[in-house]
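# Observations on the three-dimensional arrangement
Residue-level listing of the chains:
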Amino acid sequence: MKITMIGTGYVGLVTGTCFAEFGHHVTCVDKDKTKIDKLLQGDIPIYEPGLKRLVAKNCKEGRLRFTTDLSDSVASGDAVFLAVGTPTSRRGDGYADLTYIYEATKEIATELKGYTVIVDKSTVPVGTADQVARIIRETNPAAEFDVASNPEFLREGAAISDFMRPDRVVIGVETTRAEEVLREIYKPLYLQETPIVKTDIKTAELTKYAANAFLATKISYINEIALLCDSIGADVVSLAKGIGMDGRIGGKFLHPGPGYGGSCFPKDTMALMRIAQEQGQSLRIVEAAVEVNGAQKAKMVKKVRDILGGQEAGKTIAVLGLTFKPETDDMRDAPAITILPALLEKGAVIKAHDPQGMDEAKHLLPNGIIYTDNAYEACTDADAVILMTEWNQYRALDLEKIHTLMRSHHFIDLRNVYEPGHVREKGFTYSGVGRS
Ligand SMILES: NC(=O)c1ccc[n+]([C@@H]2O[C@H](COP(=O)([O-])OP(=O)(O)OC[C@H]3O[C@@H](n4cnc5c(N)ncnc54)[C@H](O)[C@@H]3O)[C@@H](O)[C@H]2O)c1
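Along each chain, residue indices are assigned from 1 in the same order as the chain's sequence is written. Local features in this predicted model are restricted to residues whose pLDDT is 70 or higher, and side-chain atom pairs enter the listing and the counts only when it is 80 or higher, whereas totals over whole chains, interfaces and linings include all residues. Note: side-chain values were computed over all heavy atoms of the structure, leaving out hydrogens and water.

### Thoughts on the overall build of the protein chain
- Broken down by element type, the protein chain carries 17 helices and 14 strands.
- Every radius of gyration here is taken over C-alpha atoms, with the globule rule written as 2.2 Å times N^0.38, N being the number of residues. Computed over its C-alpha atoms, the radius of gyration of the protein chain comes to 23 Å, within 12% of the 22 Å expected for a compact globule of 436 residues.
- Projected onto its principal axes, the C-alpha positions of the protein chain cover 70 × 50 × 45 Å.
- The proportion of buried residues among the 436 residues of the protein chain is 54%.
- Residue exposure ignores everything except the shown protein chains as possible cover, and the areas themselves are Shrake-Rupley values with a 1.4 Å probe. If you sum the accessible surface of the protein chain, you get close to 19100 Å²; carbon and sulfur atoms cover 51% of it.
- For the purpose of counting charges, residues Lys and Arg are taken to be positive, whereas Asp and Glu are taken to be negative. His and the chain ends are not included. Taken as the charge centre is NZ of Lys, CZ of Arg, CG of Asp or CD of Glu, depending on the residue. Charge-centre separation for the protein chain: the mean point of 52 positive side chains lies 2 Å from the mean point of 59 negative side chains. Only DSSP runs of H or I reaching four residues or more are called helices, and only runs of E reaching two or more are called strands; each is numbered from the N terminus. Partly exposed describes any residue whose relative accessible area lies between the buried limit of under 20% and the exposed limit of over 50%, with all areas from a 1.4 Å probe on protein chains only and scaled to the type maximum.

### Quick notes on the domain arrangement of the protein chain
- According to the domain assignment, the protein chain consists of domain 1 (2–197) and domain 2 (214–431).
- Look at where the C-alpha atoms of domain 1 and domain 2 centre, and you get two points 33 Å apart.
- Should any heavy atoms of two residues lie within 4.5 Å, those residues are considered in contact. The interface is formed by 19 residues belonging to domain 1 together with 18 residues belonging to domain 2.
- Defined here as a combined quantity, buried area equals the accessible surface (1.4 Å probe) lost by two parts on assembly, summed across both. Of the roughly 1400 Å² buried between domain 1 and domain 2, counting both surfaces, carbon and sulfur atoms make up 51%.
- It is Tyr-47, Tyr-95 and Glu-156 in domain 1 that bury the most area against domain 2; as a group they hold 43% of the surface buried on that side.
- The rule for a salt bridge is simple: a side-chain nitrogen of Lys or Arg has to be within 4 Å of a carboxyl oxygen of Asp or Glu. A salt bridge links Glu-156 to Arg-332, with the nearest nitrogen and oxygen atoms 3.8 Å apart.
- N or O atoms within 3.5 Å of each other form a polar contact, as long as, within protein, one can give a hydrogen and the other can take it, and as long as residues adjacent in sequence are counted only when both atoms are side-chain atoms. Linking domain 1 with domain 2 are nine residue pairs in polar contact (both at pLDDT 80 or more).
- When its residues are assigned to classes, the side of domain 1 that touches domain 2 shows 10 nonpolar, five polar and four charged. Where a domain begins and ends is set by an automatic assignment or by a domain database. Under this grouping Gly is polar, as are all residues other than the nonpolar Ala, Val, Leu, Ile, Met, Phe, Trp, Tyr, Cys and Pro and the charged Asp, Glu, Lys and Arg.

### What to know about the site of the ligand
- Throughout this document, a residue counts as near a molecule or strand when at least one of its heavy atoms sits within 4 Å of that molecule or strand. Inspection of the region around the ligand gives 27 residues, with Asp-30, Lys-35, Thr-86, Glu-156 and Lys-267 positioned closest.
- A distance of 2.6 Å is found between an oxygen atom of the ligand and a side-chain nitrogen or oxygen belonging to Lys-35.
- Lys-267 is positioned with one of its side-chain polar atoms (N or O) 2.6 Å from an oxygen atom of the ligand.
- In the complex, the protein chains occlude 91% of the 840 Å² of accessible area that the ligand would expose alone.
- Elements that contribute at least two residues to the shell around the ligand include exactly helix H1 (10–22) and helix H5 (99–109).
- Of the residues that constitute the shell around the ligand, the class distribution is 10 nonpolar, seven polar and 10 charged.

### Some points on the pattern of salt bridges
- Taken as a whole, this structure holds 25 salt bridges when the rule is applied.
- When the shortest N-O distance is used, the salt bridge between Arg-183 and Glu-179 registers 2.8 Å. A residue pair is termed a helical-turn pair when its members lie 3 or 4 positions apart in one helix, as Arg-183 and Glu-179 do in helix H8 (residues 176–185) at four residues.
- Under the relative-accessibility criterion, Arg-183 is labelled partly exposed at 27%.
- Classification of Glu-179 by relative accessible area gives buried; the value is 16%.
- Among the ionic pairs, Glu-390 bridges to Arg-415, the shortest N-O distance being 3.4 Å. Highlighted residues: Glu-390 in the loop between strand S12 (384–387) and helix H16 (399–405) and Arg-415 in the loop between strand S13 (410–413) and helix H17 (420–425), separated in sequence by 25 residues.
- Linked through salt bridges whose partners overlap, the residues forming this network are Glu-156, Asp-330 and Arg-332.

### Examining the pairing of S13
- Residue alternation in S13 divides its side chains into two sets, His-410 and Ile-412 and Phe-411 and Asp-413, and both sets are buried.
- At least two bridges found by DSSP between two strands are what make those strands a pair. Where S12 meets S13, four bridges bridge the pair, whose relative direction is parallel. Paired with Ala-384 across the two strands is His-410, which belongs to S13.
- Tracing the backbone out of S12, into H16 and back to the parallel element S13 gives a crossover that is right-handed.
- Sheet topology places S13 next to strand S14 (residues 429–431); three bridges connect them, and they run parallel. Among the inter-strand pairings, His-410 is bridged to a residue of S14, identified as Thr-429.
- Taken together, S13, H17 and S14 constitute a β-α-β crossover, and its handedness is right-handed. By the criterion used throughout, a crossover qualifies as right-handed when its path from the first strand across the helix to the second strand runs clockwise, the strands pointing away from the viewer.

Here it is, written out as structure tokens:
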């Protein structure tokens, strides 16, 4: 199959590369020339484990190419995937901003020749496929096309394995012809018997939001239970095992922390609430999950302040990890973006390290943060260390060395990576989330 991927970001680049790995011929298009130039030189504009090798292999084998010009590939392609961003609207009302989707649709509409399936891979509100179809019909009345929805469920940091071995593929289609094209594209997954969930388009659009809101709710739930554990003196890590081993509950997404972040959960929960409101409905469970998440970040700031004796002014805090999760350089809506400015504002000196996220962090965090080359440099002369993101590099820190480097010895483990007793034995006070 000949596929055009519009948008070469975290989703488009991985998806396009994996489709090429399946054996399809893929053209990845992006309007960001710097990004495309990097890719043409063999550089990967994002950090995603394993991606560089896979891109190089498929380019070499002639199935993957990058361009800023969509005309040729759209005209000769079987399917065009829209994988552009759908951030929260700048109006601040929680709606998804569909500007990029509609702009890209207009651009492809004029180039369509022969039957083509236009596939929404981006996370889009219910009804977007109808708008995409309307724009194409208005721009190019002669175009022969169907619109389909194929939401993406990959996780940054494990994106390639998630895409190559998904739990399921959801396709929202309303014609047999579009279904056949999508089934052909995903045919290589039949070998491993990946379930294809076929629905109408609106259901597919809503499925993605419902999945993300459910996972966000699970995180907020365990975060609230962790706070209760703190009050009671119970241990949330054992508790999470105790409930997660129940197959009806499942152990994933039961890890308390500083609140969820990233490029999807915050914006998708907000957008889902707006979708419901437009239908005259309210999603009170999702509303609560969002509220709890906001409060969780504020509670982490208070936790740090309390540990530092009630005020941050003049105290030095080492922060290990800035990205919203490990194995990505994505800083969008990371908890660090809320927590660090709050500490900085009250006079803390912040020394931060992240294996991949520091370049992006410098754009998103206020000036005044000191970025260091490694975790130990961050800890030098610090009063407290906060483990913000559970990168593997931070899982086996030399605590004795850190103890000698620090001024005071508070270890604040916002990801519950360490055994409290082990850290205390090394001479620190230890505070996790729900581990008192
Ligand atoms: N990041 C994730 O983990 C993830 C997972 C599942 C779904 N999604 C969804 O996938 C979509 C894309 O997310 P992302 O994280 O890859 O975004 P991203 O910001 O990393 O990438 C989007 C890309 O689209 C490009 N673009 C915008 N308009 C364009 C146009 N008209 N022509 C060509 N290129 C254009 C941008 O330059 C950018 O490179 C979103 O809807 C998101 O919600 C993301």
